[in-house]
Amino acid sequence: MQYSTLGSSGLKVSRICLGTMTWGTQNNQQDANQQMEYALDNEINFIDTAEMYSIPPNAESYGKTETIIGNWLAANPSRRQEFVLATKMAGNGLPYIRGGGDISGETVIQAVDDSLKRLQTDHIDLYQLHWPNRTSPHFAKHWPGQIGFSTVDSAQQSVQMLEILQAIDSCIKAGKIRHWGLSNETPWGINQYLRLSEQQSLPRPVSIQNEFNLLHSKDWPYVIENCVHEEVAYLPWSPLAGGILTGKYINNARPEGSRWTLVQRNGLFRDTEFSQAATQDYIAVANKHGLTPAQLALSWCNQIDGVGSTIIGATSLNQLQEDIAAFDIVLSEDALDDIQQVMRRYPIPF
């Protein structure tokens, strides 16, 4: 297993991060136990979750994944020090989570305490803001003109950010969390937090997790360059683009029990004509080079300069084994060239 430094934190984390968002809906406690133990036994020391999991998010599934992890920790307390545990605080928009309101200093403290109870641990290694209070260009909102920036009150946002930072600082001083990070953020958000943390002598963000994959590479190069030079670890989520890059949804297939058979909060926004066509071309590249489509997508992500640790998820142990094996693969220059040709044909498929 290879390891990377988690931004400015000094923590060493495996290049593979075990994602857990299916635990509680598609996977039960026994499945989760099996996945955690397999990951740890294969030297993965980084596990990511969120208070809003399992997915698709709803009031019934809220907190289920953290509870499952907490049950495992309660049964295996001696293994807590084997891994870096990361979770995320939901932002606004979900009425069943703190009334759907913005992240604030008060709600940070409340959410941290609630996560600690569900996780049955005395500290969280990496606490992340799942999305910002302002609307960010994620979840297919990245097309020009789809959202506005000039109408956003940046001064008000900065006031909220400072309050959030102060609450995070209090949680760190209390020993509840060790480090903190961002998710679904932009260069402005990253840099504003960095600026405030420097000005006010408060903890700086050490990581950011955004969607990044063969169908959605918008963070290259500008966000990733920013992260590299500011020591903010870049953590891709959904490296398989919600599963489509495995090929299982080609020609509108919907395998029984798969994620796309479930109602999605944001709809199946990745399922477009161009995503289908690009995926078929990537499958052809994988076949040419003797790889599975999932291995091609994951090994490509791992080889991108600036990527720290890639968050993978699986609904079966076989899938998890295939995904982990991808990180031992080094793509040849020919394979990378073939990938580049497909990417040029379909630069923004969804």
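Cut-offs applied
- Throughout, a residue's number is its position along its own chain's written sequence, starting from 1.
- Under the rules for a predicted model, residues below a pLDDT of 70 receive no local features and side-chain atom pairs below 80 are neither given nor counted, while totals for whole chains, interfaces and linings still include all residues.
- Working from all heavy atoms in the structure, the side-chain values ignore hydrogens and water.
- Strands here are runs of E lasting at least two residues and helices are runs of H or I lasting at least four, both read from the DSSP assignment and numbered beginning at the N terminus.
- We take the radius of gyration over the C-alpha atoms and set the globule estimate at 2.2 Å times the residue count to the 0.38 power.
- Note on contacts: a residue pair qualifies if any of its non-hydrogen atoms lie within 4.5 Å across the two residues.
- His is not counted, nor are the chain ends, whereas Lys and Arg count as positive and Asp and Glu as negative.
- Charge positions are represented by NZ for Lys, CZ for Arg, CG for Asp and CD for Glu.
- Two strands qualify as a pair provided DSSP detects at least 2 bridges between them.
- Note on method: axes are straight lines fitted to C-alpha atoms, helices fitted across the in-contact stretch only, with angles between N-to-C directions ranging 0 to 180 degrees.
- By convention in these notes, a salt bridge is any Lys or Arg side-chain nitrogen within 4 Å of a carboxyl oxygen on Asp or Glu.
- Under the scheme applied here, a residue whose accessible area is under 20% of the maximum for its type counts as buried, over 50% as exposed, and between as partly exposed, the area being computed with a 1.4 Å probe on protein chains only.
- Convention used here: a crossover is right-handed provided that the path from the first strand, over the helix, to the second strand proceeds clockwise when the strands point away from the viewer.
- Definition of a polar contact: a pair of N or O atoms within 3.5 Å, with one able to donate and the other able to accept a hydrogen when the atoms are protein atoms, and with sequence-neighbouring residues admitted only if both atoms are side-chain atoms.
- Pairing of aromatic rings covers Phe, Tyr and the six-membered ring of Trp, with a centre-to-centre limit of 6.5 Å; geometry is then stacked below 30 degrees between planes, edge-to-face above 60, and tilted otherwise.
- Charge over a ring is defined by NZ of Lys or CZ of Arg lying within 6 Å of the ring centre and within 35 degrees of the ring normal.
- A helix is expected to reach a length of 1.5 Å times the quantity of its residues less one.
- The arc refers to the directions leading from the helix axis to the C-beta atoms.

Asks: Any details on the overall build of the chain? Residues and values, ideally.
Replies: From N to C terminus, the chain includes ten helices and ten strands. In summary, the chain has a C-alpha radius of gyration of 19 Å against a globular reference of 20 Å for 350 residues, a match within 12%. In terms of its C-alpha atoms, the chain occupies a principal-axis envelope of roughly 55 × 50 × 35 Å. By sequence separation, contacts in the chain at least 24 residues apart represent 78% of the contacts at least 6 residues apart. Taken as two groups, the 25 positive and 37 negative side-chain charges of the chain have centres that lie 3 Å from each other.

Asks: Mind laying out the sheet that holds strand S3 (residues 16-19), listing which residues take part and the relevant values?
Replies: Strand order in the open sheet formed by eight strands is S9-S8-S7-S6-S5-S4-S3-S10, and the pairing between neighbours is parallel. Among the strands making up the open sheet, the edge pair consists of strand S9 (233-237) and strand S10 (310-312). Recorded for the sheet is a direction-independent mean angle of 30 degrees between the axes of neighbouring strands. Inspection of the sheet shows S3 paired to S10 by three bridges, in the parallel sense. Paired with Cys-17 across the two strands is Ile-311, which belongs to S10.

Asks: How would you sum up the pattern of salt bridges? Please name residues and give values.
Replies: Applying the stated criterion across every chain, the model contains 17 salt bridges. Between Glu-66 and Arg-118 there is a salt bridge; the shortest N-O distance is 2.7 Å. With a gap of 52 residues between them, Glu-66 in helix H2 (residues 64-75) and Arg-118 in helix H3 (residues 105-119) connect regions that are remote in the sequence. Accessibility classification places Glu-66 together with Arg-118 in one group, the buried group. Residue Glu-211 pairs with Arg-270 through a salt bridge whose shortest N-O separation is 2.9 Å. Of this pair, Glu-211 sits in strand S8 (residues 207-211) while Arg-270 sits in the loop between S9 and helix H7 (273-288); the two residues are 59 residues apart in sequence, bridging distant segments of the chain.

Asks: Outline the pairing of S8, supporting the account with residue identities and numerical values.
Replies: When a strand is regular, its side chains alternate between the sheet's two faces. Taken across its five residues, S8 has five buried, putting it largely inside the fold. Burial along S8 is two-sided: Ser-207, Gln-209 and Glu-211 facing one way and Ile-208 and Asn-210 facing the other are all buried. By the bridge criterion, two bridges tie strand S7 (residues 177-183) to S8 in an arrangement that is parallel. Looking at S8, one finds that Leu-182 is bridged to Ile-208. You can see the chain leave S7, run along helix H5 (residues 187-200) and come back into S8, and the turn it takes is right-handed. Tracing the backbone out of S8, into helix H6 (residues 222-230) and back to the parallel element S9 gives a crossover that is right-handed.

Asks: Describe the side chain of Asp-48, with residues and values.
Replies: Its place among the elements puts Asp-48 in strand S4 (residues 46-48). The class of Asp-48 is buried, set by a relative accessible area of 3%. A distance of 2.6 Å separates the side chain of Asp-48 from the side chain of Lys-88, its partner in a polar contact. At 3.2 Å, the side chain of Asp-48 forms a polar contact with the side chain of Gln-209. Residues within four places of Asp-48 in sequence aside, it is in contact with Cys-17, Leu-18, Gly-19, Thr-20, Ala-86, Lys-88, Gln-128, Gln-209 and Ile-311.

Asks: Let's hear about the side chain of Asn-210: which residues, and what values?
Replies: With respect to the secondary-structure elements, Asn-210 resides in strand S8. Reaching out from Asn-210, the side chain makes a polar contact with the side chain of His-138 at a distance of 3.4 Å. Within the structure, Asn-210 has its side chain in polar contact with the side chain of Asp-219 (distance 2.9 Å). Once you skip the residues sitting within four places of it in the chain, Asn-210 turns out to touch His-138, Ser-183, Asn-184, Glu-185, Asp-219, Val-223, Tyr-234, Leu-235, Pro-236 and Trp-237.

Asks: Residue-level account of the packing of aromatic side chains, with values.
Replies: Evaluated as defined, the whole model comprises nine aromatic pairs. Among the aromatic residues, those joined into a cluster by ring pairs are Phe-139, Trp-237, Phe-269 and Phe-350. Over the face of the ring belonging to Phe-83 we find Arg-80, whose NZ or CZ atom lies 5.4 Å from the ring centre.

Asks: Summarise helix H10 (residues 333-345); cite the residues concerned and give the values.
Replies: The terminal C-alpha atoms of H10, which comprises 13 residues, lie 19 Å apart, in line with the 18 Å expected from a rise of 1.5 Å per residue. Residues of H10 that are buried: Ala-335, Asp-338, Ile-339, Val-342 and Met-343. Seen from one end, H10 has its buried residues packed into an arc of 140 degrees, which puts them on one side. Turned more than 90 degrees away from the buried face of H10, the exposed residues are Glu-333, Asp-334 and Arg-344.

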